[in-house]
Structure formats: structure tokens, C-alpha cells
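Geometric and topological summary
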Amino acid sequence: MAMSTSTPTSSDAEAALRAELRGLMQFVHLAPVGLVQASLDGQISLMNPMATQLLAPLNLNDGMGVFNLFDILDKASPDLRTLVQTFKRTTGVICDHYRILLPEIESDSPAALDAPIALGITALMLPGTSDCLMVVLTDESAHIKLQRIKASWAPS
Amino acid sequence: MPFDSPDLFDNVCAMSPSELDELPFGVIGFDEQGIIQRYNAHEASMADFEVDTVLGQHVFIELAPCLNNYLVAGRFEDSQAQGSPLDETMPYVLSFRMRPTRVSLRLLFSPSAPLRFVLVQRHLA
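Attention here is on the structure that accompanies the text. From a predicted model like this one, the values you see are computed outputs, not experimental measurements. (Residues numbered from 1 in each chain as written. Chains lettered and ligands numbered in written order. Predicted model: local features only at pLDDT ≥ 70, side-chain atom pairs only at ≥ 80, totals over all residues. Heavy atoms only, no water.)

Assigned secondary structure in chain B consists of six helices and five strands. Ordered by position from the N terminus, the helices and strands of chain B form the series α-α-β-β-α-α-α-α-β-β-β. Considering only C-alpha atoms, chain B reaches an extent of 35 × 30 × 25 Å along its principal axes. Sorting the 125 residues of chain B into buried and exposed places 54% on the buried side. Partitioning the intrachain contacts of chain B with sequence separation of at least 6 by distance along the chain shows that 44% fall at a separation of at least 24. Counting only carbon and sulfur atoms, one obtains 52% of the accessible surface of chain B, whose full area is about 5,700 Å². (Helix = DSSP H or I, 4+ residues; strand = E, 2+ residues; numbered from the N terminus. Buried < 20%, exposed > 50% of the residue type's maximum accessible area, 1.4 Å probe, protein only. Contact = heavy atoms within 4.5 Å. Areas by Shrake-Rupley, 256 points an atom, 1.4 Å probe, with all protein chains shown as cover.)

The structure is reproduced here in C-alpha cells:
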């Protein structure tokens, strides 16, 4: 007896790939850390929503033209640019949770109190790429606020 | 209807979903709990999300975590707490398919309206 067999077609494979891509996009979309891919001169090619949120206090939303990570971070610290420029290897960790303080938000809105005040920056050169920087941004505000509270409790 | 129309909130509130689909900018309408009730065709096309998937999601947690901050979500919270209307337009950067994109956002809230809106106008490259 002949049995009908269904073999995957190219359109099935394409649909599966699309579904997989959509799932990966959603995964990165909801990541609770900022993810940025940039060239070695700082031009941003990819960034997830949390990265746009964490960089907002550095006036990410103002301005025109291309997005340059070093130019954006310069408003708080030029250190990442220097660390990348002086990094001698072709792969590896450039910095790990390098902490920078963000400028204070000028706003009367009570919601501005929730704005991040410090970022942790982890930067890597990915293997197999000659001009690709991967940067992970974390909100270090809670840690800094705790440090300040502890400092205010210290006996004088 | 232009993005900067002064009576846009009243018009958007009165429009049916199919009428919202005709607008040349993105419309995201959500209720007091943040649940998305309106998501027009322009926004779905530009963001590459399916309308049926987005409706019922939480706007600031599931759809647009990049708006869950003092600039956008906080403005709605402030306006609700103060019982005052909100109509503010601001430059913003959204991440569409992980590509940073400059847009204008218009935030609309009225204490007497069941829905509040984020409108998204993409800038020409």
C-alpha cells in the first residue's frame, strides 16, 4: 500500500526560518539589558529597546543623523572610546561592568526620579569579526543609590 | 488628518479600527491597565508586528519596553495621578527590528477618555 509522505518544501523551510527569526527578535526585544552592536568607530548598527531606554538620559532622542555610541557616551564619559582605541587584541573583553554616572535629569516630572543614574558597560570584540563591537548596558542605579545611602549612614 | 492636528485626540478616540488604519502614522491605543486596544495598520507594517498578536498585550512591558521610562510611561502616570490632560510631542528613538530609528511621538491622555494613545511619526531618512 502506498503511503503518502510529505516532504518539507522550500516554502516550509522559509516559513520555519521566519518563525525562528521572529522568535529570536522577540527574545532580544524583551531582554532586560541593553544590547548594542557597533563598528569600532562607534557607528551603531543594532540596538534593542532596553539600550534605547538606558541611553535616553544621554540625549539619545535629540539630534539628527547616524547613531554613534562613543558620541552618545561622551556626554557622561569618554572612557569607552579610549578603551576600544587602546585595545590591542582582535577578540576578547574590553571592559566588564565599567561603571559610568549619568547626568542628572532636569525635569519637574515625578517620573524623572526613576531615570537611570548610572550604567554598567561591558564591551567585547567578537571572534570572527574585524570591525564589530558588542556592548552590554546594565542599569547600575540601584547599586549607586545603595552606596549613597550607606555613605550617608557612615559615622562622621 | 495630519500628525500635528490640534484636535487629533478627539478624532482618534472617535475613529473605528478600520478608520485608524487609514492614517499615515502609527497609532497605539491602550486602556488604564496598559492593555493595547488599538493598533493600526501603519504601525503594524512599520514595526513588522501582526495586529492580532499585539492587541491584548501590555504596551510598556510586551510591545514597547523602550517606552517604559520617565519620558513616556511616566508622563502618562503623572497625568493620571494629577487628573490632567496630556498632549505632548517629542523626538524619540525607537528600535524597529533592532535598528535605531528617529521618530516623533505624540502622547495623548484625557482623564475622561477610556483610551490613551501613543502616536508614532517616522522621519524621512
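Take the layout of surface pockets next. Space inside the largest pocket adds up to approximately 430 Å³. For the largest pocket, the lining is made up of 24 residues, of which B:Ala47, B:Asp48, B:Phe49, B:Phe96 and B:Arg97 are closest to its centre. Among the secondary structure elements, those contributing two or more residues to the lining of the largest pocket are helix H1 (10-29) of chain A together with helix H3 (41-47), strand E3 (86-96) and strand E5 (116-122) of chain B. Considering only residue class, the lining of the largest pocket consists of 16 nonpolar, three polar and five charged. Each pocket or cavity is described by its volume, and for the second largest pocket that value is around 360 Å³. (1 Å grid on protein atoms, 1.4 Å probe; cavity = no way out; pocket = protein on both sides within 12 Å on 5 of 7 lines; lining within 4 Å. Points joined across faces, edges and corners; volume = space filled by probe spheres on them. Nonpolar A, V, L, I, M, F, W, Y, C, P; charged D, E, K, R; others polar.)

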